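# Observations on the model geometry
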Amino acid sequence: MNKIISHWLLLGLTTLLLTSCLGLKKEELAMKEKTLLIQEVFYIGTEDEVKWPSGQVGWTSYNHDSYIRIYNPTNKTIYLDGLCLARSAFQNDVAIDLKGDENFAATHVAVDNMCMFPGSGKDYPIQPGEYKTITALAINHSLDVEELYKMYKFQTPLSYDNGDGTFGTNIDLGNGVKYAKQSSRKACNLEGADFEWLSPEQILYRYQLVDENSVPNMIPIFGGFNYLDPNVLAGARFSIPGNRSLLLIKLGVAPEELDQQKYWWDYETGHLNENHSQDHPWHKAHQKGDAHAVRIPNEWILDAVTICDQKDFKRQRLSDTVDGGYTSIRQSDNDPKSSYYGYALHRRHDGEEFVDNDNSTIDFEKQPASLLTIKPEPLLFPNITLKTKSITLAIGDEPFQLKWEVRPRRSKNRKAEWTSLDENVATVDDKGRVTPVGKGKTDIIGTLSNGATDQCTVTIIEKK
């Protein structure tokens, strides 16, 4: 009995010390416990080579197979029933003046679109170590237009276009599908997805497709200024934001209770248009500002990832306790297409578990999308990039100091090993200094411990 009492006294003392040292309340300590994680986000799509009716070969992109994977890192079963996916209301590549409301992130997140997992409480478990895949449209996206019509029920007729053997259709899946017979379809087969974030009404409205599969649909909660209105929400669908924050939420109230003033958040965008007119019925009692969002308390948020092209980032409107950083799979849309099409954001794994620092910058990395039919090459992290790709030296010149960069900058194993492919032409020391030896050409290679490499071509000439 004394041992039991001692055990609980020790446990209580440990909790007290943790609370004191970290400045945390007991309820805040409980919030630090592991919960569901957003593990992968595929949002930018793929690019396919196609042959147009003119006979010319070109390229077209496809992103209707975007998806989110959620992972359970705990040792207990968690239920998705009633949890929500949402996107933040503000773009991270636009610095909107919120007219004095800049400090709202300390207490809440403003969201402009939200959908909820179905279920009555324990219908949709996610077991320890299990993934669940959520997508807009759970079909085989690698099919061409003829195959799609054979497999699924579209409400638009299939017809030939101008008798040239190419198909014309109103299916809004893009030219990569229409001219797929001349392309390599890299897209995902998502028939095995666990949920569709679009409702049957939204799928019909967006894709003219009758949703006859057995994949459960999420329930639209808010979008386009409206709450729980299936007619309006058919055209106000959730999507993965390319310049906002993606949020996994556990509501603290029933979804219908969100439509009350304590959860309304009205703000000024400075971009008035017809949809923001105060005359529209969806503004209801919203007298302040020209736009409307739902106020989600920070403590309801289970996980978040903030996405924005690196060179376009302007500002972050989340508390550091929700997400202290941002990430993307490209620097800007001027990057080479091959460097980002087919890649997804993956939560980093440290060899034991997925990391969760509440900071997208350090929690995520770019890797090929897991579910693509044809994947691009995997990337090595960290990686090394030489700042000079080619140099010309003369015999007798002083050693040339190579300069390089290892990314991410947070990487621990940053040391590079240096080799010359032909030491009769040039040698290189362990600090990356290249010494000319004899006339000719060779490559100097820098290699990190994980195998990542980059190289510089060195040409050695006679001294003039």
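These numbers were taken from a predicted model, which means no experiment stands behind them.

Along the polypeptide, Thr133 turns up in strand β9 (residues 131-135). Note on Thr133: relative accessible area 8%, which makes it buried. Other than its neighbours up to four places away in sequence, Thr133 contacts Tyr67, Ile68, Arg69, Leu190, Ala193, Asp194, Phe195 and Leu371.

Let us look at the sheet that holds strand β28 (residues 440-447). Strand order in this open sheet of four strands is β22-β29-β28-β25, and the pairing throughout is mixed. Here the strands that pair on one side only, and so sit at the sheet edges, are β22 (390-394) and β25 (417-420). Between one strand and the next, the sheet's axes are offset by a mean angle of 25 degrees, whatever the strand orientation. Note that β22 and strand β29 (residues 453-461) share five bridges and pair parallel. Along β29, the bridge assignment pairs Ala394 with Ile461.

Once that is clear, we can look at the side chain of Asn243. Assignment of secondary structure puts Asn243 in the loop between α6 (230-233) and β15 (245-250). Look at Asn243 and you get buried, because its relative accessible area is 17%. Here Asp93 takes part through its side chain, which lies 3.3 Å from a polar atom of the side chain of Asn243. In this structure Asn243 touches Phe90, Gln91, Asn92, Asp93, Ile307 and Cys308, once residues within four positions along its chain are discounted.

Our focus in this paragraph is the pattern of salt bridges. Where charged atoms of side chains with opposite charge meet at close range, the side chains can pair. Tallied over the full model, the rule gives 12 salt bridges. One salt bridge connects Asp112 with Arg244, and the closest N-O pair in it is separated by 2.7 Å. Residue Asp112 is found in strand β7 (residues 108-116), and its partner Arg244 is found in the loop between α6 and β15; the two are separated by 132 residues along the sequence. Given the relative accessible area of 15%, Asp112 is considered buried. Put simply, Arg347 and Asp303 hold a salt bridge, and the shortest N to O gap is 2.7 Å.

It is worth spelling out the sheet that holds strand β26 (residues 426-428) at this point. Hydrogen bonds between backbone groups are what pair the strands of a sheet, and the pairing can be parallel or antiparallel. Pairing is antiparallel in the open sheet, where three strands are placed in the order β23-β27-β26. Looking along the sheet, the strands with just one partner apiece sit at the ends: β23 (400-401) and β26. With two bridges connecting them, β23 and strand β27 (residues 433-436) associate as antiparallel partners. What sits directly across from Gln401, in β27, is Arg433.

What follows is about the packing of aromatic side chains. For the structure on display, the rule yields 15 aromatic pairs. Geometrically, the ring pair formed by Phe313 and Tyr326 is stacked, given 3.7 Å between the ring centres and 5 degrees between the ring planes. Linking Phe313 in the loop between β18 (301-306) and β19 (343-347) with Tyr326 in the loop between β18 and β19, this pair joins segments that are 13 residues apart in sequence. With a centroid separation of 5.0 Å and an interplanar angle of 40 degrees, the aromatic rings of Tyr340 and Tyr341 are classed as tilted. Taken as a pair, Tyr340 and Tyr341 share a single burial class, namely buried. An aromatic cluster of at least three residues, connected via ring pairs, comprises Tyr71, Tyr131 and Phe354. Across the ring face of Tyr207, the terminal group of Arg206 is positioned such that the distance to the ring centre comes to 4.8 Å.

The phi angle of most residues is negative, glycine excepted, and most peptide bonds adopt the trans form. A positive phi angle is found at Gln208, which is not glycine, with a value near 55 degrees. Looking at where Gln208 falls in the secondary structure, it is placed in the loop between α5 (200-207) and β13 (219-223). A positive phi angle is found at Asp358, which is not glycine, with a value near 55 degrees. Mapped onto the elements, Asp358 comes out in the loop between β19 and α7 (360-363). Residue classification places Asp358 among the partly exposed residues on the basis of a relative accessible area of 27%.

Here we come to the pairing of strand β17 (residues 291-297). Burial analysis of β17 places six of its seven residues in the buried class, the great majority of the element. Of the strand pairs in this sheet, β7 and β17 are connected by four bridges, and their pairing is antiparallel. For Ala110, the partnering residue across the bridge sits in β17 and is Arg295.

The next point concerns the confidence of the model for the protein chain. With 82% of its residues at a pLDDT of 70 or more, the protein chain shows a mean pLDDT of 84. Scored below 50 in pLDDT, residues 1-31 shows eight contacts in the model against residues more than four places distant or in partner chains.

Further remarks concern the nonpolar core. Counting 47 residues, the largest nonpolar core has Val41, Ile68, Leu85, Phe117 and Trp197 as the members making the most contacts within it. The element best represented in this core is helix α3 (residues 145-151), accounting for three residues. Dropping the residues within four chain positions of it, Leu85 is found in contact with Ile68, Asn113, Met114, Cys115, Phe117, Ile134, Met218, Phe238, Leu247 and Leu248. Counting residues in hydrophobic clusters, the runner-up holds 23 residues, among them Cys84, Leu247, Leu251 and Leu318.

With that settled, the discussion passes to the environment of Pro297. Tracing the chain through its elements places Pro297 in strand β17. Using a relative accessible area of 15% as the deciding quantity, one classes Pro297 as buried. Pro297 sits 187 residues away from Ala110 along the chain, and the two C-alpha atoms are 8.9 Å apart. Once residues within four sequence positions are removed from consideration, Pro297 is found in contact with Thr107, His108 and Tyr263.

The subject of this paragraph is the pairing of β13. For β13, the tally of buried residues reaches four of five residues, placing the bulk of the element in the interior. In the sheet, β7 pairs with β13 via four bridges, with the strands oriented antiparallel. Across the sheet, the residue bridging to Cys115 is Pro220, located in β13. Note: β13 against strand β14 (residues 226-227), two bridges, orientation antiparallel. Counterpart to Phe222 in the pairing with β14 is Tyr227. Turn length for the β13-β14 hairpin, with the two strands adjacent in sequence and antiparallel, is two residues, and the turn residue Gly224 shows positive phi of about 55 degrees.

Here is what the cut-offs are and how they apply
Residues numbered from 1 in each chain as written. Predicted model: local features only at pLDDT ≥ 70, side-chain atom pairs only at ≥ 80, totals over all residues. Heavy atoms only, no water. Helix = DSSP H or I, 4+ residues; strand = E, 2+ residues; numbered from the N terminus. Buried < 20%, exposed > 50% of the residue type's maximum accessible area, 1.4 Å probe, protein only. Contact = heavy atoms within 4.5 Å. Pairing = 2+ DSSP bridges. Axes fitted to C-alpha atoms, helices over the stretch in contact; angles between N-to-C directions. Polar contact = N/O pair within 3.5 Å; in protein donor to acceptor, adjacent residues only side chain to side chain. Salt bridge = Lys/Arg side-chain N within 4 Å of Asp/Glu carboxyl O. Phe/Tyr/Trp six-rings, centres within 6.5 Å; stacked < 30°, edge-to-face > 60°. Lys NZ or Arg CZ within 6 Å of the ring centre and 35° of its normal. pLDDT = per-residue confidence, 0-100. Core = buried A, V, L, I, M, F, W, Y, C linked by side-chain atoms within 4.5 Å.

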